[in-house]
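Chain residues, written in single-letter form:
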Amino acid sequence: GAVVSQHPSRVICKSGTSVKIECRSLDFQATTMFWYRQFPKQSLMLMATSNEGSKATYEQGVEKDKFLINHASLTLSTLTVTSAHPEDSSFYICSASSPGGFSYEQYFGPGTRLTVT
Amino acid sequence: AQTVTQSQPEMSVQEAETVTLSCTYDTSENNYYLFWYKQPPSRQMILVIRQEAYKQQNATENRFSVNFQKAAKSFSLKISDSQLGDTAMYFCAFMDGGGADGLTFGKGTHLIIQP
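Residues numbered from 1 in each chain as written. Chains lettered and ligands numbered in written order. Predicted model: local features only at pLDDT ≥ 70, side-chain atom pairs only at ≥ 80, totals over all residues. Heavy atoms only, no water.

1. Focus on the overall build of chain A
Moving on, step 1. Looking only at helices and strands, chain A has 0 helices and 11 strands in total.
Moving on, step 2. Listing each helix as α and each strand as β along chain A from the N terminus yields β-β-β-β-β-β-β-β-β-β-β.
Moving on, step 3. Expected size for 117 residues packed as a compact globule is a radius of gyration near 13 Å; at 13 Å, chain A falls within 12% of this value.
Moving on, step 4. Expressed along its principal axes, the backbone C-alpha trace of chain A runs to roughly 40 × 25 × 20 Å.
Moving on, step 5. A buried classification covers 52% of the 117 residues belonging to chain A. (Helix = DSSP H or I, 4+ residues; strand = E, 2+ residues; numbered from the N terminus. Rg over C-alpha atoms; globule rule 2.2 N^0.38 Å. Buried < 20%, exposed > 50% of the residue type's maximum accessible area, 1.4 Å probe, protein only.)

Given below as structure tokens:
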């Protein structure tokens, strides 16, 4: 099956700093990648959709200037949390798909736990 | 916008029993996909089963099957012969037919299988 990795798996940063999370599709080309956020004991909420080579589409209520998404290649998307604050602490999960070719199915990464102190 | 509702926050059954998790959704689309995902304590999302809305036949994957009622907008998951390893959060999810949109998830059901 298709494999998606995320790096780092855990990160702790100080308030006011920025942190970058990488999402990679290891064995397929992902034309579309998605970023979700999951608070403790809650469901996943879609933050944004990114297509290779174009600007990301953000869901309503998600600050595009705080959560910078770059989908520079067919195997890599990055989420940068800028000027992080404690309320940004959460579990961030990416998924990847290739709806026009491989499958409409989304393949999930293992997630990144961000803690902002 | 689509909504997905899971009305059972937590369920507990004995090992080897059959359990059904409920899910309803609301959409104006005619072409879409429905999924059940499992999230164990590791938090890795695992696809359990999927259903294409245009297919009338209910999907089945080994011990997992769904009851898809399109007119009622209902998509329940039945787990037969439940096992301890089935203990996890289960999320029902909806995706628009184009496949280019993200998933809309329900709030989840915490399923506990008792030995």
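After that view of the structure, there is still more to cover.
2. Considerations on the pairing of strand β7 (residues 67-73) of chain A
Looking along a regular strand, one sees side chains alternate from face to face of the sheet.
All names here are of chain A.
Moving on, step 1. Relative to strand β8 (residues 76-81), β7 runs antiparallel, the two being bridged by 5 bridges. Note that in β8 the partner of Phe67 across the bridge is Val81.
Moving on, step 2. Adjacent in sequence and paired antiparallel, β7 and β8 are bridged by 2 residues. (Pairing = 2+ DSSP bridges.)

3. Thoughts on the interface of chain B and chain A
Moving on, step 1. With 21 residues of chain B at the interface, the matching set in chain A holds 21 residues.
Moving on, step 2. In total, chain B and chain A occlude about 1700 Å² of area from one another, counting both sides; carbon and sulfur atoms represent 54% of this.
Moving on, step 3. Taken as a group, Arg43, Gln44 and Phe105 of chain B account for 32% of the area that chain B buries against chain A, more than any other trio of residues on that side.
Moving on, step 4. Seen at the junction of chain B and chain A, the total is 1 salt bridge.
Moving on, step 5. Put simply, Arg50 of chain B and Glu105 of chain A hold a salt bridge, and the shortest N to O gap is 2.0 Å. (Contact = heavy atoms within 4.5 Å. Buried area = accessible area lost by both parts, 1.4 Å probe. Salt bridge = Lys/Arg side-chain N within 4 Å of Asp/Glu carboxyl O.)

4. Details of the pattern of salt bridges
Residue and element names in this part refer to chain B.
Moving on, step 1. Applying the stated criterion across every chain yields a total of 6 salt bridges over all chains.
Moving on, step 2. Arg63 is paired through a salt bridge with Asp86; the nearest N and O atoms lie 2.9 Å apart. Remark: Asp86 occurs in the loop between β9 (74-79) and β10 (88-96) and Arg63 occurs in the loop between β7 (60-61) and β8 (64-69); sequence separation between them is 23 residues. In this pair, the class of Arg63 matches that of Asp86, namely buried.

5. Here we look at the pairing of strand β9 (residues 90-98) of chain A
Residue and element names in this part refer to chain A.
Moving on, step 1. Counting buried positions along β9 yields 9 of 9 residues, so the element is predominantly enclosed.
Moving on, step 2. Burial along β9 is two-sided: the residues Ser90, Tyr92, Cys94, Ala96 and Ser98 and Phe91, Ile93, Ser95 and Ser97 are all buried.
Moving on, step 3. When strand β4 (residues 32-38) meets β9, the two strands line up antiparallel, connected through 7 bridges. Its bridge partner being in β9, Phe34 is matched across the sheet by Ser95.
Moving on, step 4. When β9 meets strand β11 (residues 112-116), the two strands line up antiparallel, connected through 3 bridges. Along β11, the bridge assignment pairs Ser90 with Leu114.

6. Re the state of the cysteines
Moving on, step 1. Counted by the stated rule, this structure contains 2 disulfides over all chains.
Moving on, step 2. There is a disulfide in this structure between Cys23 of chain A and Cys94 of chain A, and the S-S distance comes to 2.0 Å. The sign of the 80° torsion about the S-S bond sets the Cys23 of chain A-Cys94 of chain A disulfide as right-handed. In this pair, Cys23 of chain A is assigned in strand β3 (residues 19-25) and Cys94 of chain A in strand β9, connecting sequence segments 71 residues apart.
Moving on, step 3. Owing to a relative accessible area of 0%, Cys94 of chain A belongs among the buried residues under this scheme.
Moving on, step 4. With a sulfur-sulfur separation of 2.0 Å, Cys23 of chain B is cross-linked through a disulfide to Cys92 of chain B. Torsion about the S-S bond of the Cys23 of chain B and Cys92 of chain B cystine: about -70°, corresponding to left-handed handedness. Of this pair, Cys23 of chain B sits in the loop between β3 (19-21) and β4 (24-26) while Cys92 of chain B sits in strand β10, and the two are 69 residues apart along the sequence. (Disulfide = S-S within 2.5 Å.)

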